[in-house]
Structure formats: structure tokens, C-alpha cells
Amino acid sequence: METNTRRIFRWTAIIVSIVALVVTFVLYTLQHQWNLYLQISLGLFVIGLAVYVVLDPDEIRKLLTGRQARYGSNALIITLAFLGILVVVNYLAYKNTKRWDLTADQSNTLAKETVDVLKSLPGKVVAKAFFTSDSSVASSKDSAKSLLDQYVYDGNGKFQYQFIDPNKDPVAAQQAGINKDGSIVLFLGDAKQPVSSITESDLTGAMVRLMNPGAHVIYFLTGHGEYAIEGATDQSYTQLANALESKNYKVLALNLLATNQIPDDASVIVIAGPKKPLAEAEVSLLDGYIKKGGSVVVMEDPAFETQFGDSPDPLAADLATTYGINLGNNVVVDAYGNQAFQNYLFAIGYKYASHAITQKLSTMVTGFQSARSVTADSTVGSDYSKTQLILTVDQSWGETDMSSIQNNTVKYDQGTDMAGPISLAVVAQNSSTKARLVVFGDSDFATNAYYGFYGNSDIIVNSIDWAAKEENLINLTAKTTVNRSLVQPKAYTMGLILLGSLVILPGIILVSGVGSWIARRRQG
Amino acid sequence: MRNVWIIARREYKLFFISPIAYVVAFFFMILLGWFFYSALRDAIIQSTYQAYAPTVQIIISPLVTLLLFVMPAITMRSIAEEMRMGTMELLLTAPVKDWELVVGKWLGAFLFMLTLLAVTMIFPLVLNFLVNPGIDQGIFLSGYLGLVLMVASLVAIGVFISSLFNSQVVVFLLSLAIVLVFWLVRPASSSTGGLGTQILTYMNFIDHYMNFYQGTIDLSDIVYYLSLTSLALFLGTISVEIRRWR
């Protein structure tokens, strides 16, 4: 081949090779993917280099064996040695690192209880964090990572985590049983436990539950026409049952009339919308269970939705006389429901009491189709501390005139109707027996038909969780947080800051710059 | 060691003479001032709805981004200029060792950047008066410590690249490119966690700052930045040495 063409080829080859190398870097930095384009550009780099060498092997030989090469290879060896030392030092530091939390609140340090739980782990726990690359979960992904890093640091090798994108690995996501972007599931061997929220207390709580897989059984009462926990119709509780099972609860049906005793392993008994009244015998069994520290969640609809007719309601009577929880003989008429859904019988849970059940509900409303009021009487059942959990808006009332509802002629009658805001649920707790009760004036809100309505799923699951005393598993020592607040600066202060930051400070720099330039020119 | 100090002092003084440093510092401070002012305005609005106090992070966050772009501009001159002006040969014949030259240049630029950082501390100071009872000193301390370490390694990278080429423009662009690569490197999203993934994850420049940003000082982060600094200075020394034979 002629020398000139050869030279042109060589130069083209080396230029192509360098450009290909740069493109490889850029592609990888931007895409983070080992894809075809990357492979092609890497290939071009190698081929270009090879052509460059092949077209003039003599020059390459001189390059490789000349004096510069010998000095160069020395330098290379020393560089590799230096690099080796750095790698070892970094590795050792990475594996045996120490951390110092300088924050005043100690917000980057785990509580003593968490560290103790980590110490008592019987084996390796793997936390799988499912986050897509969507920007809406980006910030909670960052805080999840720093929280998980703290667990790894204090875990002494027993805690590991990995981030999985459910879009890219749907099999893993399904195996873990997640249904929300930004969830974490803990795995210990075969057992798994979902974490309800990405906070230290829920993460540690999930670890504790993972170590104590004793099944917590939730019994749904049957025999009175209650809706079933199986079947996929609108009028069943399958979504609720599935949610509970994914939290490692066992969900079973209980026919008290047949078995005549409360099972020993019952964590919570749920009475979900009986269409016929409970028998006296059942009520006294439940009373006995509650007296021994049991937990019951009652959801009872207004009379006209049931087949109670005029028969007495032993359950409601018992709730009123023993515990001071009154199920009103009314139906809630809600102006908010009327305004939002053109349905004045749709009671909307607008305000919540401060309680563990509603803590995370803050801005979400709940919806109860045809509900009755549930109020607390502090004079009765005083050994139970009661709270009216959910309130409607002020412009609502408890209508006692059932015929006006059928005729569509509802109006507020002072004296007979209950004035709003109406309480739709009551929680009760006995501090000595540790018994817990939650009573709702409606059962439809937890059925498949209304389960997905805003806060409905959260409130029923949280209520059952609370009743099962799950949140008591771990109590972290509260960190003393320093309350900081911004002192609202006056307009004149803000003006001063604006002036200082944008004019004075840069101005000083500009002036000194000009000054030094002038001084230099003067010196010549 | 005395040589290092002599060279460093000369470099430091030169910064206050060169117009580039003033221009860079001017834009740096004016941009930072603007970010501070608007973040403050947002914080005022937010604090009327909920109990909220801005932390020193509203200053550090834009500061980091500005630094990443400013560093190549500050260091591009260091060795490339000497090469171009021909004073490099003079330096190389003086009884100055190669590593003393490189470290001296680095130290001079580093001290200049520390001066700039010290000037930026006026913003946390102002914030401290606007927050009751005061900003979290721990985050302030760890945040600025992390900045110092980051700046040390960025200056070192800049000095190293500056030793490779004579053209300041090439040095600036290449330094910027390398900093961006270190800033953005992540393992391939399809990777499964092998050794390559772990190495790529470790190499990310910004990830090692996150602990400092949140108030925690982590030994492995300190080791990372010191390693990067020493590696760049080492390679810079080798590069100057190689230049000798040319």
C-alpha cells in the first residue's frame, strides 16, 4: 500500500478510535445501559486501534521498546501500585467504616431499640425496596436509601438491602406481593413481611414481626347474613381480607352460634355488618373475651339497611350499657356528601381525632354509605377511655324520621334529630385489661365497593392493626427534636438581604478586581 | 516542603491578580446570592402553612452545583499556562521536585477556593439569625467539611488535567467532562449487583457527599475524597515527569 494512503488510513483509524472511546463514555454516562450502541462504539474503538497498529507495526515497535517506553512502563507500574494501595485502603474503609452523627436531633442515628433488634436477628434479613424510576417517588427513594444505609451500618452484616424496579423485574415484585410504588418488604429466609411506611419505627416493627411469625388470626363473625370474606362481588370483604393476609394475618370465619366459644388464638374479632341481631349468648361470649383483654371491631349499619325489624339488638344494647358506646337510631344526612356526590346519605369523614389509627390519614377523607351515628358516653363504662374518631362536617345531622328518608323529604328537626357534626366511629381502650374496641356506624365502607374510596382502606386496616395491638410491638425512645422555626423577616430585612447578596457582595468582588487590574497597569 | 509552600503562596497571590479569578468569583457569588434569596422567599411562604425552618442545605445544594462548574475554570490555568508561556522549563530546571511543583500548584488553588468558601459562609450566618433558635450547627459543620474535601479533589483533578495539555480551553473542557462523568456514573440499570456494579456505585462523586449533606461524617467518604485527591496529584506528578523527557 502506498505510504500516503497508508498514513491517511492510520490517522482516520486513530481518530475513529478516539471518537469511539469518547462516545462510549458519554453513552454509558447518559444511559447506564449495556446496549447495542455501546457495544458498537466499543468495538469501533478496538478495531480503530488495531488498524492503527497493523498499518505500521514498526512505529509501534519503536514506541514500545524505546527509551520513553521504558520510562513509561516504570511510571505505569508505579501508578498501578499506587492504585492498588488506594483500592485496598478504600475497601478496608468501606467495610469497617465509622460514622459520626453531628445533627442536633440525632436524626441519622437509629434508636437503641432498633440496634437491639438488629443484634437479636437470628439470620440475614434482606430488605427489598421496590421503587420505579418515576420522579414522584424519587425523594422518598432517597430517604429510604439513607434509612436503609443506617440499618446496614448498625446491622453488623445481618441486614442487607437492594433496590428493585418493579417495572424491570415484575416477577420479584409479584413474589413480594407489593401493590404500591415505593414499598419495602423484608425477607428472612422464606418468611416475608411488608413494611407499612418508610420510617424507623415501622421498619423495626416489621423486623420484630418477621422474627415472631406466630400467626395473628382475625376472625370475621358469620351467621347473621354478614357479607363474606370470599367471593369477588362488590358486597364482599375480599380486598380487605387480602390486605390483611399480605400483612401476615390469618383471616378466618367464625360462627359463634355453632362453636359457642371464642377461639384462643383470636387477635381480633370483626363483626362486619350483621343483617340479623346477634344472640344474647354471643354477646356475653364477646363480653367475656373483651374482659380478658380481647379486641373487637364492630361495623353496624343503620336499622333500615338490615333485617332487624323491630327485634331488640343485644349487641347495640351491650355496647351502650357496658362500654358507653351508643349506636344512634338514625341515619346521617351529610351536606358535604350531598354537595360532592349528590347523595345526602353518603356521610363523609371530614375530621379525625388525634389517634394512632388516624395519624397517617391527615388529608384523606373517608366515605360511609348510609351510616348511623356512634357516640361515646363518658359516664358509662368509665374504665374504657373512649374517643370519637371520625366527625362529619358541621352541616350534617342524624335523621331519626325514617319515613322522611323513604319519601325524600329529609329536613333537620331540632330536638329529635342529632345535630352535626356527627361522630361516625368510636375507639375504646381499657388500660388495665388492654382490651380494645372500634365501633363504626356503617359496614359498606369496607366492602369491595367502597374499599378503594380515598382513606377507607387505610382506616379499616389501621383499625384492625390497632385492635390487634400490632403497633405496640415496638416503642422507640423518642428522640428529642429541637423545634426550629423561621422568624418571618420584615420586608425591609428581605430588601437588605437582596441588596447584600446580589449587589454588595458581588460588587465588592468586582471593585477589588478592577482595583487590582488598575494597580497592575500602573506598575506597568 | 518549603518549595511547596513557596509555590503555593505564589499561586495564591496570582489568583488575586488574574482577572479570571475575579470574574469567576463574581458570577459564583451573584448566582449563589440569587439562589439564597429565592430559597428564602420560598421558605417564608412554606413556613406560613406549617412549622418549617430552612436548613443550611438550601445554601449548600446550589453551592455544590456551582462548584462543580467553577472548579475547572479556576484550575485550568495552573500548569497549562506555564507550558504555554514557556516558564515551565524554568520551573523544571529549578531545584524543585516534580511533586513539589504539582502539590504547590494544588495547594495554592485549594487555599483560594477555601477563601471563596469562607466568603460563602456569610449566607449560613444570615440564615442563623433568621431561624429561631438557630440553624443546626452539626449539619453546617459536616456540610462544609464535605465541601472542603470535594473541593480538594476537584482542584486536584483540575491540576492534573492542566498538566497534560498546553491549551487552557482543552484543559477546561476535559476537566469539566471528567467531573461530569464522576458526577453521573451509575451502574447499568439492568445490572444485578456483581463486582462491577459495586465499583461503579462506589465511584460516584456526589453519592459520597450525601452523608455530609445530612449531617453524618462517614470515614469511608473521607477516604474516598482523600484517595481521589492523592491519585490526581500522583498522576499529575507523573505527567510532569514525563514532560521532562520530551
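Structural data are supplied above this passage.
Computed from a predicted structure; not experimentally measured.

Draft legend 1. Here's a closer look at the overall build of chain A. Of the regular secondary structure elements, chain A holds 17 helices and 21 strands. Taken across its 524 residues, chain A has 43% of its residues classed as buried. Long-range pairs, those at least 24 residues apart, make up 74% of the contacts in chain A between residues at least 6 apart in sequence. For chain A, the computed accessible surface area is about 27500 Å², with 58% contributed by carbon and sulfur atoms.

Draft legend 2. Just the overall build of chain B, in detail. A tally of helices and strands in chain B yields 12 helices and two strands. In chain B, the succession of helices and strands from N to C terminus is α-α-α-α-α-α-α-β-α-α-α-α-β-α. For chain B, the share of sequence-separated contacts (at least 6 apart) that also reach a separation of at least 24 residues comes to 77%. By element, 71% of the accessible surface of chain B is carried by carbon and sulfur atoms, the whole surface being about 10500 Å².

Draft legend 3. Structural view of the sheet that holds strand S5 (residues 191-195) of chain A. Residue and element names in this part refer to chain A. Taking strand neighbours across the sheet as the criterion, the four strands line up as S3-S2-S4-S5 in an open arrangement whose pairing is mixed. With one partner strand each, in any of the chains shown, strand S3 (159-164) and S5 form the two edges of the open sheet. Adjacent strand axes in the sheet meet at a mean angle of 20 degrees when their direction is disregarded. Bridge count between strand S2 (residues 125-130) and S3: six bridges; the pairing is parallel. Counted as the bridge partner of lysine 128 is glutamine 162 from S3. Sheet strands touched by helix H6 (residues 138-155): S2, S3 and strand S4 (183-188). Its angle to S3, the strand with the most contacts, is close to 155 degrees.

Draft legend 4. Quick peek at the interface of chain A and chain B. Each side of the interface is counted separately: chain A has 52 residues, and chain B has 63 residues. In this assembly, chain A packs against chain B so that about 5100 Å² is buried in total across both faces, 69% of it on carbon and sulfur atoms. Three residues stand out in chain A for area buried against chain B, namely Leu102, Arg484 and Leu486 of chain A, and they jointly supply 13% of the buried area on that side. Across the chain A-chain B interface, the total number found is zero salt bridges.

Draft legend 5. Highlighting the packing of helix H3 (residues 57-75) of chain B against helix H6 (residues 98-120) of chain B. Residues and elements named next belong to chain B. For the pair H3 and H6, the least separation of the axes is 12 Å and the interaxial angle reads 150 degrees. Considering how the two elements wind past one another, H3 and H6 form a crossing that is right-handed. On H6, the residues touching Leu63, Leu67, Val70, Met71, Ile74 and Thr75 of H3 are Ala109, Phe112, Met113, Leu117 and Thr120. Grouping the amino acids of the contact of H3 with H6 by side-chain chemistry returns nine nonpolar, two polar and no charged.

Draft legend 6. Up close: the packing of aromatic side chains. Taken as a whole and judged by the stated rule, the model has 31 aromatic pairs over all chains. When the ring of phenylalanine 346 of chain A is compared with that of tyrosine 450 of chain A, the centres are 6.0 Å apart and the planes differ by 35 degrees; the resulting orientation is tilted. Here phenylalanine 346 of chain A is found in strand S12 (residues 346-349), whereas its partner tyrosine 450 of chain A is found in helix H15 (residues 448-451), with 104 residues between them in sequence. Assessed through its relative accessible area of 5%, phenylalanine 346 of chain A is described here as buried. By way of ring pairs, the aromatic residues Tyr94 of chain A together with Tyr202, Phe205, Tyr224 and Tyr225 of chain B are connected into one cluster. If you follow arginine 10 of chain A out to its NZ or CZ, it ends over the ring of tyrosine 52 of chain A, 4.1 Å from the centre. Above the ring of tryptophan 466 of chain A, the side-chain terminus of arginine 436 of chain A is found at 4.5 Å from the ring centroid.

Draft legend 7. Structural view of the pairing of strand S9 (residues 295-299) of chain A. Residue and element names in this part refer to chain A. With five of five residues buried, S9 is to be regarded as a mostly interior element. Of the two faces of S9, the one holding Ser295, Val297 and Met299 and the one holding Val296 and Val298 are both buried throughout. Of the strand pairs in this sheet, strand S8 (residues 266-272) and S9 are connected by four bridges, and their pairing is parallel. Within the sheet, the bridge partner assigned to valine 270 lies in S9 and is valine 297. Note: S9 against strand S20 (residues 436-440), five bridges, orientation parallel. In the strand pairing of S20, methionine 299 is matched with phenylalanine 440.

Draft legend 8. Focus on helix H2 (residues 36-55) of chain A. Residue and element names in this part refer to chain A. Spanning 20 residues, H2 covers 28 Å between terminal C-alpha atoms, matching the ideal 28 Å at 1.5 Å per step. Buried within H2 we find Leu38, Ser41, Gly48, Tyr52 and Leu55. Along the axis of H2, the buried residues cluster in a sector spanning 145 degrees; they form a single face. Set apart from the buried face of H2 by more than 90 degrees, the exposed residues are Leu36, Ile47 and Val54.

Draft legend 9. Spotlight on the side chain of threonine 216 of chain B. Checked against the element boundaries, threonine 216 of chain B lands in strand S2 (residues 216-218). Setting aside anything within four residues of it in sequence, one finds threonine 216 of chain B in contact with Arg99, Trp100, Asp101 and Asn108 of chain A together with Ser142 and Asn211 of chain B.

Draft legend 10. Just helix H1 (residues 3-31) of chain A, in detail. With 29 residues, H1 of chain A should cover 42 Å at 1.5 Å per step; its first-to-last C-alpha distance of 41 Å lies within 8% of that length. The complete set of buried residues in H1 of chain A reads Arg10, Ala13, Ile14, Ser17, Ala20, Thr24, Tyr28 and Thr29 of chain A. Against the buried residues of H1 of chain A lie H2 and helix H3 (57-65) of chain A together with helix H9 (168-184) and helix H10 (195-203) of chain B.

Draft legend 11. A look at the packing of H2 of chain A against H3 of chain A. Residues and elements named next belong to chain A. Contact geometry of H2 with H3 gives a least axis separation of 5 Å together with a crossing angle of 95 degrees. The angle between the axes of H2 and H3 places the two elements in the roughly perpendicular class. On H3, the residues that touch Tyr52, Val53, Val54 and Leu55 of H2 are Pro57, Glu59 and Ile60. Looking at the contact of H2 with H3, its residues break down into six nonpolar, no polar and one charged.

Cut-offs and rules
Residues numbered from 1 in each chain as written. Chains lettered and ligands numbered in written order. Predicted model: local features only at pLDDT ≥ 70, side-chain atom pairs only at ≥ 80, totals over all residues. Heavy atoms only, no water. Helix = DSSP H or I, 4+ residues; strand = E, 2+ residues; numbered from the N terminus. Buried < 20%, exposed > 50% of the residue type's maximum accessible area, 1.4 Å probe, protein only. Contact = heavy atoms within 4.5 Å. Areas by Shrake-Rupley, 256 points an atom, 1.4 Å probe, with all protein chains shown as cover. Pairing = 2+ DSSP bridges. Axes fitted to C-alpha atoms, helices over the stretch in contact; angles between N-to-C directions. Buried area = accessible area lost by both parts, 1.4 Å probe. Salt bridge = Lys/Arg side-chain N within 4 Å of Asp/Glu carboxyl O. Left-handed = near helix turned anticlockwise from the far one by under 90°. Nonpolar A, V, L, I, M, F, W, Y, C, P; charged D, E, K, R; others polar. Phe/Tyr/Trp six-rings, centres within 6.5 Å; stacked < 30°, edge-to-face > 60°. Lys NZ or Arg CZ within 6 Å of the ring centre and 35° of its normal. Expected span 1.5 Å × (residues − 1). Arc of directions from axis to C-beta. Parallel < 35°, antiparallel > 145°, perpendicular 65-115°, else oblique.

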